[in-house]
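# Structural overview for review
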Amino acid sequence: MQIRSCQAADIEQAALIFCQAYAAPPYNESWQLADASAYLRRFREIDPQGCFVSEQSGEVTGAIFSFSYPWHSGKLTCIQELFVAEPSRKQGVARALVQRVNGGLGGGAWLVAHKASGAAEFYERLGFHKDGPYEFYYGAINP
C-alpha cells in the first residue's frame, strides 16, 4: 500500500469508492457518480495539501479529504471525508490516510461521524472523542 497526494486524475476512482461506501448502512445514501466526483473535486480544490489516496497495484483503495485554515487557537484541520474500499478495510489503510493529514506531523482535527457507523468507533480507537459545546444542526434555509 502506498499513500500519496490525491491528483485530479484520482477523483473518478475515489468517487466510485465513495458512492459504494455511502450506499451501505447506516448511511443508505444514493449518490450519482457525477455528483460524488464534483463533491470530492471541490474539496480537493479547497486544500489539495490535505487530500490523499491509498493505492495498491495502481488502483485507488481509499481516500481522505481534509482542509486546514487559521483559527484563534492555531491551525484548525477538518476531515471532510475518509473512505476505504470494502476489500481494503481493516488493513490499516484508514489509519495511514489519517496519519498523512497535516503533513504527517500530527495535530488536532475536527470531523463529523455518524454515531451508528464503524467510522465513529474507528475514530475513537484513534483517540478522537466527542467534544462540546458545539452540536451539529441540520435544516432548510427558507427565503
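If you're wondering where the values come from, they're calculated on a predicted model, not measured in any experiment.

Rules and cut-offs
- Residues numbered from 1 in each chain as written.
- Predicted model: local features only at pLDDT ≥ 70, side-chain atom pairs only at ≥ 80, totals over all residues.
- Heavy atoms only, no water.
- Buried < 20%, exposed > 50% of the residue type's maximum accessible area, 1.4 Å probe, protein only.
- Helix = DSSP H or I, 4+ residues; strand = E, 2+ residues; numbered from the N terminus.
- Arc of directions from axis to C-beta.
- Contact = heavy atoms within 4.5 Å.
- Polar contact = N/O pair within 3.5 Å; in protein donor to acceptor, adjacent residues only side chain to side chain.
- Salt bridge = Lys/Arg side-chain N within 4 Å of Asp/Glu carboxyl O.
- Axes fitted to C-alpha atoms, helices over the stretch in contact; angles between N-to-C directions.
- Left-handed = near helix turned anticlockwise from the far one by under 90°.
- Patch = residues over 30% accessible without salt bridge, like charges linked within 9 Å, V, L, I, M, F, W, Y side chains within 5 Å.
- Areas by Shrake-Rupley, 256 points an atom, 1.4 Å probe, with all protein chains shown as cover.
- Lys, Arg positive; Asp, Glu negative; His and termini not counted.
- Pairing = 2+ DSSP bridges.

Quick look at helix α4 (residues 118–125) now. Every buried residue of α4 is accounted for by A120, F122 and Y123. The buried residues of α4 occupy an angular sector of 160 degrees when projected down its axis, which confines them to one face. Against the buried residues of α4 lie β4 (74–84), α3 (93–100) and β5 (110–111). Residue S117 occupies the N-cap position of α4, its side-chain oxygen lying 3.2 Å from the main-chain nitrogen of A119. Of the residues trailing α4, G127 is marked for its positive phi of about 105 degrees.

Below, the discussion takes up the side chain of S117. Mapped onto the elements, S117 comes out in the loop between β5 and α4. Polar contacts involving the side chain of S117 include one to the main-chain carbonyl oxygen of H114, which spans 2.7 Å. Within the structure, the side chain of S117 is placed 3.3 Å from the backbone nitrogen of A120, a separation counted as a polar contact.

So, on to the environment of A34. By the secondary structure assignment, A34 is in helix α2 (residues 33–46). It is 18 Å that separates the C-alpha atoms of A34 and V60, two residues lying 26 residues apart in sequence.

It is worth spelling out the pattern of salt bridges at this point. As enumerated under the stated definition, the model contains four salt bridges in all. Close ionic contact of R41 with E12 constitutes a salt bridge, the shortest N to O distance being 3.2 Å. Taken together, the residues span a long stretch of sequence, with R41 in helix α2 and E12 in helix α1 (residues 11–23) at a distance of 29 residues. Assessed through its relative accessible area of 34%, R41 is described here as partly exposed. A relative accessible area of 40% places E12 in the partly exposed class. Across the pair R89 and E86 runs a salt bridge whose closest N-O atoms are separated by 2.6 Å. Among the ionic contacts, a cluster of salt bridges with common partners joins R4, D10 and E55.

The next subject is the packing of α1 against α2. Running from amino to carboxyl end, α1 crosses α2 at an angle of 120 degrees, the nearest separation of the two axes being 8 Å. For the element pair α1 and α2, the recorded crossing hand is right-handed. Along its contact with α1, which presents I11, E12, A14, A15, L16, F18 and C19, the element α2 presents L33, A36, S37, Y39, L40, R41 and R44.

This part covers a nonpolar patch on the surface. The grouping of V112, F136 and Y138 at the surface amounts to a nonpolar patch, some 470 Å² of accessible area in total. Turning to its location among the elements, V112 is positioned in the loop between β5 and α4. For V112, a relative accessible area of 60% gives the class exposed.

What follows covers the side chain of E81. Checked against the element boundaries, E81 lands in strand β4. Despite its burial, E81 pairs with no opposite charge; the closest candidate is R89, at 11 Å N-O. A distance of 2.5 Å separates a polar atom in the side chain of E81 from a polar atom in the side chain of Y39. When sequence neighbours within four positions are dropped, the list of residues in contact with E81 reads F18, Y22, Y39, L40, A63, I64 and F65.

Moving on, we come to the pairing of strand β2 (residues 51–56). Counting buried positions over the six residues of β2 gives five, a clear majority of the element. Bridge analysis of β2 against strand β3 (residues 59–71) gives six bridges, and the strand direction is antiparallel. Bridged to V53 within β3 is A63. Remark: two residues form the turn of the hairpin made by β2 and β3, two consecutive strands paired antiparallel; S57 in that turn has positive phi of roughly 55 degrees.

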